[in-house]
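Fold and geometry: a report
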Amino acid sequence: MERIQVNVRITAEIAEALDERRMEMRKTFGKIPSRSELIRIAIEEFLKEK
């Protein structure tokens, strides 16, 4: 699958919330997902709501 890179800037508060969620998702993934992985998952879930 070809991927296109998108540059996104977030606040320190959002980054902290992402990092907390990454730690929680370690149980599901078996590893700590990257911020990029987590953001991709969030976008995919958002787009499913259409």
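This is a predicted model, so every value here is computed, not measured. (Residues numbered from 1 in each chain as written. Predicted model: local features only at pLDDT ≥ 70, side-chain atom pairs only at ≥ 80, totals over all residues. Heavy atoms only, no water.)

Topic: the overall build of the protein
For the protein, the helix and strand inventory stands at two helices and zero strands. In terms of its C-alpha atoms, the protein occupies a principal-axis envelope of roughly 25 × 25 × 25 Å. Of the roughly 4800 Å² that the protein leaves accessible, carbon and sulfur atoms contribute 53%. Within the protein, the 10 negative side-chain charges are centred at a point lying 4 Å from the centre of the 11 positive side-chain charges. (Helix = DSSP H or I, 4+ residues; strand = E, 2+ residues; numbered from the N terminus. Areas by Shrake-Rupley, 256 points an atom, 1.4 Å probe, with all protein chains shown as cover. Lys, Arg positive; Asp, Glu negative; His and termini not counted. Charge placed at Lys NZ, Arg CZ, Asp CG, Glu CD.)

Remarks on helix α1 (residues 12–29)
End to end, α1 covers 24 Å across 18 residues, agreeing with the expected 26 Å (1.5 Å per residue, within 8%). Approximately 30° is the largest bend angle found in α1, and it occurs at Met23. Taken together, the buried positions of α1 are Ala15, Leu18, Arg22 and Met25. The elements touched by buried residues of α1 are α2 (35–48). At the C-terminal side of α1, Gly30 shows a positive phi close to 80°. (Expected span 1.5 Å × (residues − 1). Bend = angle between axes of the 7 residues up to and from the residue. Buried < 20%, exposed > 50% of the residue type's maximum accessible area, 1.4 Å probe, protein only. Contact = heavy atoms within 4.5 Å.)

As for the side chain of Arg22
Summarising the element assignment, Arg22 is placed in helix α1. The buried category is assigned to Arg22, whose relative accessible area is 17%. A polar contact of 2.9 Å, which involves the side chain of Arg22, links it to the side chain of Asp19. If we skip the residues at most four places from it in the chain, Arg22 touches Ile32, Pro33, Ser34, Arg35 and Leu38. (Polar contact = N/O pair within 3.5 Å; in protein donor to acceptor, adjacent residues only side chain to side chain.)

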